[in-house]
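Structural characterization, general
Spelled out, the chains give:
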Amino acid sequence: MSNIPDNLQYRESHEWIDATQDPAPVGITDYAQNALGDVVFVELPKVGRQVQAGEQVAVIESVKAASDIYAPATGEIVAVNDALAGNPALINTDPYAEGWMFKIKTSSTSTLLDAAAYAKVIA
Amino acid sequence: MVPFAGWEMPVQYTSIMDEHKAVRAAVGVFDISHMGQFIVSGAGAEAFLNRALTNDVSKLAIAQGQYTLLLNEAGGVIDDLIVYRTTDKEFYLVVNASKIDEDLAQLQSLLTDADDVQLANVSSMTGGIAVQGPKSRAVFTAMFGPEAVFPEHNTIFIAATPEGILWLCGTGYTGEEGFELFTPDSQIEHWFRKAGEAARAEGGNVCGLGARDTLRLEMGYPLNGNDLSQLRSPLQAGLGFFVQLEKPEFVGRETLVRQKAEGLPDKLSAFRMIDAAPPPRPHYPVVLQGEQAGEVCSGTQSPSLGIGIGMAYLPVEASKPGTAIEIEIRGRRYPAEVVKKPFYRKS
């Protein structure tokens, strides 16, 4: 069973955002990291970039495939997780904490899923 | 699960990285039931196969096998395969799943009424598993008992068991010691489970298509469809060792003789990324001195080396180890260099 924390919000494309924090960290779900397999490279957005909710902002490369990552919210990228450059596997081992990808200073979130709704998406 | 040549196959059972490392350090078990098998028999079988294939089957003693190629008239590769001599008049061929129909069509087109040759496609009734890794012998013993004889490299051993015939072959696609087993498809699940159980007892595991690809690429083994095609010859693919130009005739020979005399237009070259970079993948542009010079045929992140590796056709002068190239990934160019095969050597 995939771990789906109750305090986060989700996109159908398997990103999570913690909108209770400001700025809000973003990553991919446990289900997504498991499906992608061993992450070997992460391409992160530049700090300062303005992004629209639903815009492609990052790429996760596993041995298997390259996968686009979409912004769950509109706003400015104010931080990226530099630790992923040296240890991209953090996305596999700790997708909801050490494996966060970037932080958004949000002006508005698009319609997102709560944990129960996301659980149905991956059921 | 992914579709592959008409089969649904798992890319991974646990993780490509873990499965890959299990094969290098211990042992892995692969379901290779998708692969094709032909039996070619008759008084004319040897002469026929020597006309159709690049290597020389007359050099094979009974129970020996060799890697060989089936070419078109222009010298392009239809398929790469293994051929074993099972008796003086019978050969067992193991071919790629995606090429079964093309291989059959080509072989049938080369048969004449004068040939005393029977060609049987037994692919659909045959299942297979591959056991690969330094602990393969222990798995073999656990499966067949201490008396059974392990098939040495490039040999075949046919065993009659109460569950049906087993073709045991000393071959593989990983660079590790191991064997492949082919048997009637009704029995393959039994053998797969037994091999998987024995592998786990040795610290190994079952492995999917993903690890099969990373393991073979670390050895620089070509994959038909990626690295081999009907547009390029085995000499361009670096497989000259498996082409016997001394044979008076075989399909595609003229082109190869001409290429040998005039020089090759390009050559399949191995490269590795220099720094941390996204893994190279098929069809990414390869840049030489600022200009696109080709595209990646096979590419992946090497689990053993922790760096991106791949193969591409490059002009002969650029195919020398040490040549600086770049791989273009999503519009950005990452430095790489041409290296010698294999990428991975056992320490």
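Residues numbered from 1 in each chain as written. Chains lettered and ligands numbered in written order. Predicted model: local features only at pLDDT ≥ 70, side-chain atom pairs only at ≥ 80, totals over all residues. Heavy atoms only, no water.

Here the focus is the overall build of chain B. On a plain count of helices and strands, chain B comes out with seven helices and 19 strands. Against the 2.2 N^0.38 benchmark of 20 Å for 347 residues, chain B shows a C-alpha radius of gyration of 20 Å, consistent with a compact globule. By principal-axis analysis of the C-alpha atoms, chain B measures approximately 60 × 50 × 35 Å. When burial is assessed residue by residue, chain B has 57% of its 347 residues classed as buried. For chain B, contacts bridging at least 24 residues in sequence account for 67% of all contacts bridging at least 6. Total accessible area on chain B is roughly 14700 Å²; 53% of this is exposed by carbon and sulfur atoms. (Helix = DSSP H or I, 4+ residues; strand = E, 2+ residues; numbered from the N terminus. Rg over C-alpha atoms; globule rule 2.2 N^0.38 Å. Buried < 20%, exposed > 50% of the residue type's maximum accessible area, 1.4 Å probe, protein only. Contact = heavy atoms within 4.5 Å. Areas by Shrake-Rupley, 256 points an atom, 1.4 Å probe, with all protein chains shown as cover.)

Moving on to the sheet that holds strand S7 (residues 90-95) of chain B. All names here are of chain B. Ordered by their spatial adjacency, five strands build an open sheet running S5-S6-S7-S4-S8, and the pairing between neighbours is antiparallel. Of all strands in the sheet, those bounded by a partner on one side alone are strand S5 (65-71) and strand S8 (118-121). Neighbour to neighbour, the strand axes of the sheet diverge by 25° on average, direction disregarded. Sheet topology note: the strand S4 (residues 36-41)/S8 ladder contains four bridges and is antiparallel. Paired with Val-40 across the bridge in S8 is Leu-119. (Pairing = 2+ DSSP bridges. Axes fitted to C-alpha atoms, helices over the stretch in contact; angles between N-to-C directions.)

Turning next to the domain arrangement of chain B. All names here are of chain B. Here the domain parsing of chain B yields domain 1 (2-215) and domain 2 (266-341). With centres defined by C-alpha atoms, the gap from domain 1 to domain 2 works out at 30 Å. Listed by partner, the interface residues are five residues for domain 1 and four residues for domain 2. Where domain 1 abuts domain 2, roughly 410 Å² becomes buried across the two surfaces, and 65% of that area is made up of carbon and sulfur atoms. Broken down residue by residue, the surface that domain 1 buries against domain 2 is led by Met-17, His-20 and Thr-214, which jointly contribute 69%. Summed over the shared surface of domain 1 and domain 2, the result is zero salt bridges. (Domains from an automatic or database assignment. Buried area = accessible area lost by both parts, 1.4 Å probe. Salt bridge = Lys/Arg side-chain N within 4 Å of Asp/Glu carboxyl O.)

Right, let's talk about the packing of aromatic side chains for a bit. Working definition: an aromatic ring pair is given by the centre-to-centre distance plus the angle between the planes. Tallied over the full model, the rule gives 13 aromatic pairs over all chains. Summarising the aromatic geometry, the rings of Tyr-173 of chain B and Tyr-221 of chain B are spaced 6.1 Å apart at their centres and angled 15° between planes, so their arrangement reads as stacked. Highlighted residues: Tyr-173 of chain B in the loop between strand S11 (164-169) and strand S12 (178-184) and Tyr-221 of chain B in the loop between helix H6 (209-218) and helix H7 (253-262), separated in sequence by 48 residues. Both rings, one in Phe-241 of chain B and one in Phe-242 of chain B, keep their centres 5.1 Å apart while their planes meet at 85°; by these two values the pair is edge-to-face. By relative accessible area, which is 22% here, Phe-242 of chain B ends up partly exposed. When the ring centre of Trp-100 of chain A is taken as origin, the NZ or CZ atom of Lys-103 of chain A, which lies over that ring, is 4.7 Å away. (Phe/Tyr/Trp six-rings, centres within 6.5 Å; stacked < 30°, edge-to-face > 60°. Lys NZ or Arg CZ within 6 Å of the ring centre and 35° of its normal.)

Another point: the interface of chain B and chain A. With 17 residues of chain B in contact, the opposing surface of chain A contributes 14 residues. When chain B packs against chain A, the two sides together hide about 1200 Å² of surface, and 54% of this comes from carbon and sulfur. On the surface where chain B and chain A come into contact, there are three salt bridges. A salt bridge links Arg-330 of chain B to Glu-61 of chain A, with the shortest nitrogen-to-oxygen separation between them at 2.9 Å. Where chain B meets chain A, there are nine residue pairs in polar contact (both at pLDDT 80 or more). When residues of the side of chain B that touches chain A are traced back to their parent elements, those giving at least two are helix H1 (16-25) and strand S16 (291-302) of chain B. When grouped by side-chain class, the residues that make up the side of chain B that touches chain A number ten nonpolar, five polar and two charged. (Polar contact = N/O pair within 3.5 Å; in protein donor to acceptor, adjacent residues only side chain to side chain. Nonpolar A, V, L, I, M, F, W, Y, C, P; charged D, E, K, R; others polar.)

With that out of the way, let us pick up unusual backbone geometry. Residue Pro-23 of chain A is reached from Asp-22 of chain A by a cis peptide bond, and omega for that bond is 0°. Mapped onto the fold, Pro-23 of chain A is located in the loop between strand S2 (15-17) and strand S3 (24-28). Pro-342 of chain B follows Lys-341 of chain B through a cis peptide bond whose omega is -5°. Relative to the helices and strands, Pro-342 of chain B resides in the segment after strand S19 (332-339). The residue Asn-154 of chain B is not glycine, and still its phi comes out positive at about 60°. When you line up the elements, Asn-154 of chain B lands in the loop between helix H4 (136-144) and strand S10 (156-161). On the accessibility criterion, Asn-154 of chain B (26% relative accessible area) is partly exposed.

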